[in-house]
Amino acid sequence: MTQSADIQSIVQQVLLKLSDTISEPQRGSVCDVDKYVADSVKAQEVWHRDFGLDRRCQIIEEIRADLRPHVESLARMAVEETGMGNLRDKIIKKSVTIEKTPGPQSIKPNAISGDRGLVLEEHAPYGVIASIIPCTNPAATVIHNAICMIAGGNSVIFAPHPKALNVSLHTVQIICQTLAACGAPDGLVSALTEPSMENLGKLMKHPQVKLISATGGPGVVQAALTSGKPAVGAGPGNPPVVVDETANLDIAGKGVVDGASFDNNLLCVCEKELIVVNCVADELKKRMFENGAYELKDKKEIELLERTVLNEDHTPNKNFVGKDATYILEKIGLKVPASVRLIIVETTEDHPFAQEELLMPVLPLIRVADFDDGLAMALRLEHGFRHSAVIYSTNIDHMSRMAHEIDTTMFVKNAPAYCSLGADSDCPVTLTIATATGQGATSPESFCRMRRCVLSGAFRII
Ligand code: NAD
């Protein structure tokens, strides 16, 4: 064996050993919540005390580097385990999350310099964070939240969705391997192996868990909000897209299909209903057909689709959440080309396709007489979630009015809603959009608490 092969083999053995010790607490047979929290408390103290901003930046760069080779396998694992979404878009989602989730560099102090001295405000860690993860974006949310939370000096215990347990644990394991190789304390990032409601309750109530981050539907957000602790509540949405008579229909036709079909509409920000001014509706549909939309017109076929993708109480049938458009159409007896990405159906406002957060590539199209009617309908259909909305228009007054009145956390003009997450746009990536608690597009600062120090009569330089 040459000297370099020798060294390589030693490094391999050390890494394997590390991966054993890292994986043990995650795969252990007993999920002892108290032990997770105790380890997390110790790790956070060391991380906050001994790992300064420069070191945290370096380690987070290592995490990004080590995750890159796993993008495709994690995406594949997420699709296979959950049976939702599509490989292509999951790869995009993970790649942008790895590259564009902000790290410690984004944390900025405030300084107030005045006649009486200097005031310094800094973003301090909360301590141990419990981060509850959805099944719709499991790996990407783990990556985003882990980077943001440890960038802010916290430790994190993830509670994965049972339906996405393996891919969530595997993502955590990759991150833990890097942390261990960098000398970070054990337990800084961990994940419950048994995320039962009982264990989730224990974790959320544990006195040493200082912040709850809940990314998911109304139930988990409500649980976080009533936990008696500070919370980051990232809840459901029902984002409307309005297309008015001044819109560039080439841009709108492609943008709506790209947005509403992205990862089979699994993202909370994805366009969930299309409200279009009547005089451009037919033309818009043509452009959508050119970009992979397929319209169901036949009354019987529409009824069959309703019976297939909705439960009796009109909520979405989970078996069809995040499925391909071609799969859904096949289930109602229609064979269409593989290029079909989105199903559109003309409905009225009260139809469950418009009222419910379907999370599947079925987009109701509702005609309105003019922009005023469209805006009023968009406000109603957003249900006050203050989540996301989109407009296609070239009328500045319309764009400004809708932005102001709909009051959503994310608002996108003339592009797919996923641009607000940082994909195909210039903003940092977020996968936890804190709608219910107001932090908005979360970043490391969202998982920190503000501390203030007043230095009386000193430290000014002017
Ligand atoms: P879900 O609410 O079923 O599950 C989310 C997580 O919460 C899971 O880990 C689950 O185990 C846990 N959970 C569920 N009910 C709970 C309760 N009562 N107490 C404690 N924990 C509970 O959601 P999902 O199907 O995994 O994800 C889809 C939903 O999440 C959609 O509504 C979507 O809009 C929303 N979402 C929002 C954001 C955002 O950033 N705002 C991001 C992703 C998903």
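Treat the numbers as computed from the prediction; the structure is a model and nothing was measured. (Residues numbered from 1 in each chain as written. Predicted model: local features only at pLDDT ≥ 70, side-chain atom pairs only at ≥ 80, totals over all residues. Heavy atoms only, no water.)

**Overview of the packing of aromatic side chains**
Okay, step 1: This model, assessed by the stated rule, comprises three aromatic pairs.
Okay, step 2: Geometrically, the ring pair formed by Phe320 and Tyr327 is tilted, given 6.1 Å between the ring centres and 45° between the ring planes.
Okay, step 3: Since its relative accessible area comes to 9%, Phe320 is described here as buried.
Okay, step 4: Cation over ring: Lys323 sits above Tyr327, and NZ or CZ is 5.5 Å from the ring centre. (Phe/Tyr/Trp six-rings, centres within 6.5 Å; stacked < 30°, edge-to-face > 60°. Buried < 20%, exposed > 50% of the residue type's maximum accessible area, 1.4 Å probe, protein only. Lys NZ or Arg CZ within 6 Å of the ring centre and 35° of its normal.)

**As for the pattern of salt bridges**
Okay, step 1: Evaluated as defined, the whole model comprises 24 salt bridges.
Okay, step 2: Here Lys93 ties to Asp263 by a salt bridge, and the two come within 2.7 Å at their closest N and O atoms. Placement of Lys93 in helix α5 (residues 87–100) and of Asp263 in the loop between α10 (249–261) and β9 (273–277) is noted, with a sequence separation of 170 residues between them.
Okay, step 3: Under the relative-accessibility criterion, Asp263 is labelled buried at 0%.
Okay, step 4: The salt bridge involving Glu283 is made with Lys286; its shortest N-O contact spans 3.5 Å. With a gap of three residues between them, Glu283 and Lys286 both fall in helix α11 (residues 278–290), about one helical turn apart.
Okay, step 5: Note on Glu283: relative accessible area 29%, which makes it partly exposed.
Okay, step 6: Salt bridges sharing partners connect three or more residues here, namely Asp282, Lys285, Glu295, Glu346 and Arg367. (Salt bridge = Lys/Arg side-chain N within 4 Å of Asp/Glu carboxyl O. Helix = DSSP H or I, 4+ residues; strand = E, 2+ residues; numbered from the N terminus.)

**Side note on the pairing of strand β2 (residues 117–125)**
Okay, step 1: Counting buried positions over the nine residues of β2 gives seven, a clear majority of the element.
Okay, step 2: In this structure, the hairpin formed by strand β1 (residues 110–114) and β2 is closed by a connection of two residues.
Okay, step 3: Sheet analysis places β2 next to strand β17 (residues 448–456), joined by nine bridges and oriented antiparallel. What sits directly across from Glu121, in β17, is Arg452. (Pairing = 2+ DSSP bridges.)

**Thoughts on the sheet that holds strand β14 (residues 410–413)**
Okay, step 1: The strand order across the open sheet formed by seven strands is β10-β11-β12-β9-β8-β13-β14, and the pairing between neighbours is parallel. What marks the edges here is a single partner per strand, and that holds for β10 (293–296) and β14. Recorded for the sheet is a direction-independent mean angle of 25° between the axes of neighbouring strands.
Okay, step 2: Inspection of the sheet shows β10 paired to strand β11 (residues 342–346) by four bridges, in the parallel sense. Bridge pairing in β11 places Tyr294 opposite Ile343.
Okay, step 3: Along the sheet, helix α15 (residues 371–381) makes contact with β8 (240–243), β9, β12 (362–368) and β13 (388–392), crossing β9 at roughly 165°.
Okay, step 4: Against the sheet, helix α16 (residues 396–406) contacts β8, β13 and β14, and its axis sits at roughly 170° relative to β13. (Axes fitted to C-alpha atoms, helices over the stretch in contact; angles between N-to-C directions. Contact = heavy atoms within 4.5 Å.)

**With respect to the packing of helix α4 (residues 71–82) against helix α7 (residues 165–181)**
Okay, step 1: Their axes nearest at 8 Å, the elements α4 and α7 cross at an angle of 160°. Relative to α7, α4 is oriented roughly antiparallel. Across from Leu74, Met77, Ala78 and Glu81 in α4, the residues of α7 making contact are Leu165, Asn166, Val167, His170, Thr171 and Ile174.
Okay, step 2: For the contact of α4 with α7, the class distribution of residues is six nonpolar, three polar and one charged. (Parallel < 35°, antiparallel > 145°, perpendicular 65-115°, else oblique. Nonpolar A, V, L, I, M, F, W, Y, C, P; charged D, E, K, R; others polar.)

**Looking at the nonpolar core**
Okay, step 1: Residues Phe158, Leu179, Val189, Leu296, Leu305 and Ile343 are the most contacted members of the largest nonpolar core, which totals 66 residues.
Okay, step 2: Counting residues per element, this core draws most heavily on helix α6 (residues 138–151), at nine residues.
Okay, step 3: When residues of this core are assigned to domains, at least three fall in each of domain 1 (3–235 + 439–454) and domain 2 (240–427).
Okay, step 4: If sequence neighbours within four positions are ignored, Leu179 has contacts with Ile59, Ile63, Ile150, Ala184, Leu188 and Val189.
Okay, step 5: Listed in part, the 39 residues of the second largest apolar core include Leu249, Leu274, Tyr392 and Tyr418. (Core = buried A, V, L, I, M, F, W, Y, C linked by side-chain atoms within 4.5 Å. Domains from an automatic or database assignment.)

**Notes on helix α8 (residues 197–205)**
Okay, step 1: Every buried residue of α8 is listed here: Asn199, Leu200, Leu203 and Met204. With its buried residues spanning 130° around the axis, α8 presents them on a single face. Looking at α8, the residues exposed on the side facing more than 90 degrees away from the buried face are Met197, Glu198 and Lys205.
Okay, step 2: The secondary structure elements touched by the buried residues of α8 are α2 (33–50), β3 (128–132), β4 (155–159), β6 (209–215) and α9 (218–225). (Arc of directions from axis to C-beta.)

**Notes on the site of the ligand**
Okay, step 1: The environment of the ligand is made up of 28 residues, and the closest members are Ile133, Cys135, Gly217, Glu357 and Ile433.
Okay, step 2: In the environment of the ligand, a nitrogen atom lies 2.8 Å from a nitrogen or oxygen atom belonging to the backbone of Gly235.
Okay, step 3: In this structure, a nitrogen atom belonging to the ligand sits 3.3 Å away from a side-chain N or O atom of His387.
Okay, step 4: About the coverage of the ligand: the protein hides 86% of its 840 Å² of free accessible area.
Okay, step 5: Of all elements in the fold, only α8 and α9 reach the threshold of two or more residues within the shell around the ligand.
Okay, step 6: Of the residues assigned to the shell around the ligand, the class counts are 16 nonpolar, 11 polar and one charged.
Okay, step 7: Composition of the shell around the ligand by domain shows at least three residues from each of domain 1 (3–235 + 439–454) and domain 2 (240–427). (Near = heavy atom within 4 Å. Polar contact = N/O pair within 3.5 Å; in protein donor to acceptor, adjacent residues only side chain to side chain. Areas by Shrake-Rupley, 256 points an atom, 1.4 Å probe, with all protein chains shown as cover.)

**Describing the environment of Gly152**
Okay, step 1: Assignment of secondary structure puts Gly152 in the loop between α6 and β4.
Okay, step 2: In this structure Gly152 comes out as buried when scored by relative accessible area, which is 4%.
Okay, step 3: Sequence spacing of Gly152 and Leu304 is 152 residues, and the spatial spacing of their C-alpha atoms is 50 Å.
Okay, step 4: Excluding its chain neighbours within four sequence positions, the residues that come into contact with Gly152 are Arg56, Ile107, Ala124, Pro125, Pro444 and Cys448.

**Some remarks on the domain arrangement of the chain**
Okay, step 1: When cut into domains, the chain gives domain 1 (3–235 + 439–454) and domain 2 (240–427).
Okay, step 2: Here the C-alpha centre of domain 2 lies 32 Å away from the C-alpha centre of domain 1.
Okay, step 3: Here domain 1 and domain 2 share an interface that buries about 1,300 Å² over both sides, 53% of which is from carbon and sulfur atoms.
Okay, step 4: Across the domain 1-domain 2 interface, the total number found is two salt bridges.
Okay, step 5: Connecting domain 1 to domain 2 are 12 residue pairs in polar contact (both at pLDDT 80 or more).
Okay, step 6: Residue assignment for the side of domain 1 that touches domain 2 shows that the elements contributing at least two residues are α5 and β16 (440–441).
Okay, step 7: For the side of domain 1 that touches domain 2, the element with the most residues is α5, which contributes six residues.
Okay, step 8: Looking at the side of domain 1 that touches domain 2, its residues break down into four nonpolar, seven polar and four charged. (Buried area = accessible area lost by both parts, 1.4 Å probe.)

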